[in-house]
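Take a look at the letters that make up each chain.
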Amino acid sequence: MSEATATDDLGLLTTDAMRARRHPRALLGLWAWETALAALVGLPLASLARDAFGADPRGDGALWSPGGRELLSFATRELHGLNAIAIAAVAVLLAGAVAGLVPMAATMTAIAYATRDRKAAGVIRCVGEGLRQFPAMVLLLVIASISQGILVAVGLAAGSIVEAWMHSGMGEARAQQIEGLLLLVFVAAVGAIGVAHDLARAAVVRFKVSGGRGLMLGARTFRLAPVALSWSWAWRSLASLAPIVAAAWAAERLGGRGGIALGALLILHQAVVLARVGLRTSWLARALRAVDTSLRRVA
Amino acid sequence: MRPLRHAREDAPVRSSFLAAGALALALQPTDDAAPAPAPIQPTAPAADVSVPLAGPAFDDDAALPTHADDVVDYTLRATLDPAAHTIHGEGTITWRNTSTAMVRELWLHLYLNAFKNERSAYLRERVGGRGSTAPEDWGWIDVRKLVVRAPDTVPVDEWPRAELKRPGDDDETDARVPMPREIAPGETLQLDVTFDDKLPAVVERTGYRGSFHMVGQWFPKIARLEPDGRWAHFPFHHLAEFYADYGTYDVTLDVPAGFTIGATGPTVERTVAGGRAIERHIQGDVHDFAWTAWDRWQTFHETIGGVDVSLLYPRGFIRVAARDMASIRFALPYFSARYGRYPYRVLTVVHPQNDVEEAGGMEYPTLITSGGPWLTPPGILDPEITAVHELGHQWFYGLVGTNELAWPFLDEGLNQAAEVDAMGRWRGAGSAVDLLGLRISDANLQADEANGRAHDEPVAQSADSFSTGDNYGALVYARTATLIETLRRVYGDDAVGRALGRYARRFRFQHPGPVELLAIFEEVLGAHVAETMRATLFHEGWVDFVAEQAVTREAKTEGGVFDVDGKREDVRSVTKREGGFDSAVIVRRRGTLVLPVDVAMTMADGTTRVEHWDGEGDSKRFAWHGAVALRSVVVDPECRVLLDQNVENNRAATEDGGGGAWKTLERATYWMQLALQAVAP
């Protein structure tokens, strides 16, 4: 158990107490944040669909009827509107990637800290902490994104060179399979940077340090247990794919119907989103514990 | 042309063909539409049409001709040098004048010269679509010798007198060879020919990449002589395909011993000696010959319905190639049942790598090329569609030998319709995409593509008249398929299937035009259907059904000021004692096509009232009094009229009607949440 570190009026929890499951309201907050952002795209798209097919007795259920006649027509005839919404979606994603650093840091604060009388930190204080750590988080995001981007570009170039080299000798399929395997190595490296990035974020929250210092602490933590930490991240990432597949399977069977089926699909989809928020937050809590532990080991 | 003698005499049918003959004159393209140097014979002459009859005799295979009229036979030997990508060819061509006129010249198609330089018609005409970039390595054909042997004539090499180009035009794909004397109707010539090919890097169906060789349009090929003595010769156009007489091809292929050959017709001899593999292929009743040779082909054989099907595929492509074979397993018996039995012993399916995809998706007699990357998701049915489409060409191109330049919709369009029908029958609503619950049908893809360009230009025009490759694709392929699929859904699969089957069987080994197609449809489905087809194909015919209005109100007594018995009474409108609702809908038909359609009206209690509108007139009003209020109306609820330009305006709702867009909101929000989770911290 690590010692509690005083920061303002909040106290650091013990390492073992940093658990995502103890903060359901924080999880719900993250879910609400994502839902609100997503609705910025969903609402105009639904409005477009309502104008096109709202008069149908099935409503926009017609859009999802087997064969796709209405869906194709919608995509063709409403192309300009859909393009505008697609651009808005990209903007929302970019905003979500950057502005989302605040709720993320706030959630990590909620997981790592409590008031001195052992109560939850509270939304206002957590968000305040998130805002305070925003510059450091942005710096980390920029560094990690550039590193990952370079790695992806190098991976694609290397894969392409290897594929071209092997194409005539091994044939297209084998050459591309080897290219794919090579790309997987780079994807793993990108994942490792992602893990180190999250550890750096945890260090910023845990130690109240700058982005650069957080990066060093995160990298040091990763070096101490790269396999364990990568696995800890990887199994959660893989597990978070399972509910998507399950929901897709269920959605296929529920089809384009409305009413109870639509209600069931809504609940199922939001359960998927919430489960993924939980897994992600669980990993961030694990990252907090890891940096906390690494500090103790180094000390 | 060998006349058919097994058709029944049938006066109504004859009159319909005569009427169709008159229609042919109306459909004849203007001088503006016809390319100047190529005198195209767009349809068989009316006199020719009136002789053979159609009728129910062609609804099954009993009346199918066994063989084509052998007009031209090729006996060739081709030697491949895979390092230089050259082919040395020599042999004899036996040709018979089947027209009623004396012939003073021969026209030879040298289509490999389309890839010789950028002055070829093919490369000058690039308007988008496949083959729009110049080949990475040029290709050509050099004829060395063309000795004409005819009775009472000294054999002479006529090639030095051949005219390879027209004045002011450097295209070398359409050569005129003067004859030493006039060739009388029925007379036969023998031509001794020697030629050398240099294959281009793979472009537009032919060429090489490394040791891969796909060899199409590789030999000097005699153009088709129409019955009236006019040559249907034309250069290799960018968007056009081919046209030729039927005959027997006896071709001996000489390649390095390690190479596997796939070719038109069955292998009748194979020897390996001196480091060379020599295969002889003989196939009768066809009008072209293509082949491939590669030292990396993997092979798989299966007998389907008595036909030996060979599948050639690259290493690592077994999964996607197996999908080709599954497609053939379904479509070969299906097409045979629908359009007449497949008459050949063999079929070769060639699945090229993606780096030579321009060699894929092509049809030759008894040999087709499919396509698709080795890693094509099972839910994306592109390989299946390609295989089914190219197989369909064995009927609409191979067995029904239409002029692919003059009337491309007769081969590509009808074949696309056959593909859409077969894919729908095989894979249902997800016949193009069946992935994660999203099911898109091939038919709907065609309709969406076609309807966007319905007003651009006619479907029924020569391939080189289309302004862009996109329009060629959307109109020739997609719009024709959408038309036929609309007719199938509106008038029934049985009738439309019978019409297409009758056309395919009646004109097996013949060279019909649009007139013959329309006449058969008129014969089976009536004049109004033929008129719908004619308007759609020739006159940019279109239709857009609209649900204009849906109103419902409580049934009330009539109010107002009434003069009754000299007294003026002010009567208030009140709800009728018996209750109920007065409802009405107005539906409209815009456009030039008249098609019957259903109109479905949904009531407040969820029940549906379906009315039928014959499509006549500009609009139709349905009004009624009923116990339940109307909520909404949908024109063509079953999506039968795929030609409908806009399905969004097929719906109207009353003030309380309509279903909103909750599903879209739910799904879009969910997908966006997942996207955010992918990028968000």
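The structure this text deals with has already been given above.
Residues numbered from 1 in each chain as written. Chains lettered and ligands numbered in written order. Predicted model: local features only at pLDDT ≥ 70, side-chain atom pairs only at ≥ 80, totals over all residues. Heavy atoms only, no water.

S.K.: Would you mind showing me how to read the nonpolar core here?
M.R.: The tendency in soluble globular proteins is for nonpolar side chains to be buried as a group. Ranked by size, the top nonpolar core spans 205 residues in total, and within it Trp 95, Trp 218, Ile 222, Trp 291, Phe 335, Phe 521 and Met 533 of chain B carry the most contacts. Other than its neighbours up to four places away in sequence, Phe 521 of chain B contacts Ile 484, Leu 487, Val 496, Ala 499, Leu 500, Gly 526, Val 529 and Met 533 of chain B. Listed in part, the 50 residues of the second largest apolar core include Ala 200, Val 277, Trp 283 and Ala 290 of chain A. (Core = buried A, V, L, I, M, F, W, Y, C linked by side-chain atoms within 4.5 Å. Buried < 20%, exposed > 50% of the residue type's maximum accessible area, 1.4 Å probe, protein only. Contact = heavy atoms within 4.5 Å.)

S.K.: Before we go on, may I ask you to explain the packing of helix α6 (residues 408-427) of chain B against helix α8 (residues 469-491) of chain B in this structure?
M.R.: The angle between the axes and the distance between the axes are what describe a pair of packed helices. Residues and elements named next belong to chain B. Interaxial distance between α6 and α8 falls to 8 Å at its minimum, and their mutual angle equals 55°. It follows from the interaxial angle that α6 and α8 lie oblique. You can see that α6 and α8 cross each other, and the crossing is right-handed. From α6, Pro 408, Phe 409, Glu 412, Gly 413, Leu 414, Gln 416, Ala 417, Val 420, Asp 421 and Arg 425 reach across to α8, where they touch Tyr 472, Val 476, Tyr 477, Thr 480, Ala 481, Ile 484, Glu 485 and Arg 488. Taken together, the residues of the contact of α6 with α8 break down into 10 nonpolar, 3 polar and 5 charged. (Axes fitted to C-alpha atoms, helices over the stretch in contact; angles between N-to-C directions. Helix = DSSP H or I, 4+ residues; strand = E, 2+ residues; numbered from the N terminus. Parallel < 35°, antiparallel > 145°, perpendicular 65-115°, else oblique. Left-handed = near helix turned anticlockwise from the far one by under 90°. Nonpolar A, V, L, I, M, F, W, Y, C, P; charged D, E, K, R; others polar.)

S.K.: What is the right way to read the pattern of salt bridges from this model?
M.R.: Charged atoms that come close allow side chains of opposite charge to pair. Residues and elements named next belong to chain B. Scanning the entire structure with this criterion turns up 60 salt bridges over all chains. Across the pair Arg 502 and Asp 59 runs a salt bridge, and its minimum N-O distance is 2.8 Å. You can see Arg 502 sitting in helix α9 (residues 493-506) and its partner Asp 59 sitting in the loop between α2 (46-50) and β1 (72-81), a full 443 residues away along the chain. Classification of Arg 502 as buried rests on a relative accessible area of 5%. Here Asp 421 ties to Arg 338 by a salt bridge, and the two come within 2.8 Å at their closest N and O atoms. With Asp 421 in helix α6 and Arg 338 in helix α4 (residues 318-339), this residue pair connects regions lying 83 residues apart in the sequence. Like Arg 338, Asp 421 is buried. Residues joined in a network through salt bridges with shared partners are Arg 338, Asp 421, Arg 425, Glu 485, Arg 488, Arg 489 and Asp 493. (Salt bridge = Lys/Arg side-chain N within 4 Å of Asp/Glu carboxyl O.)

S.K.: Is there a simple way to think about the environment of Glu 269 of chain B in this case?
M.R.: Among the secondary structure elements, Glu 269 of chain B is positioned in strand β15 (residues 267-273). In this view, Glu 269 of chain B contacts Ile 278, Glu 279 and Arg 280 of chain B; residues no more than four positions away in its chain are not counted.

S.K.: Explain helix α12 (residues 662-679) of chain B to me, please; I cannot follow it from the model alone.
M.R.: Given 3.6 residues per helical turn, the α-helix brings residues three or four places apart onto the same face. Here α12 of chain B contains 18 residues, and its C-alpha end-to-end distance of 26 Å stays within 8% of the 26 Å for a straight helix at 1.5 Å per residue. The buried fraction of α12 of chain B is high, at 13 of 18 residues. (Expected span 1.5 Å × (residues − 1).)

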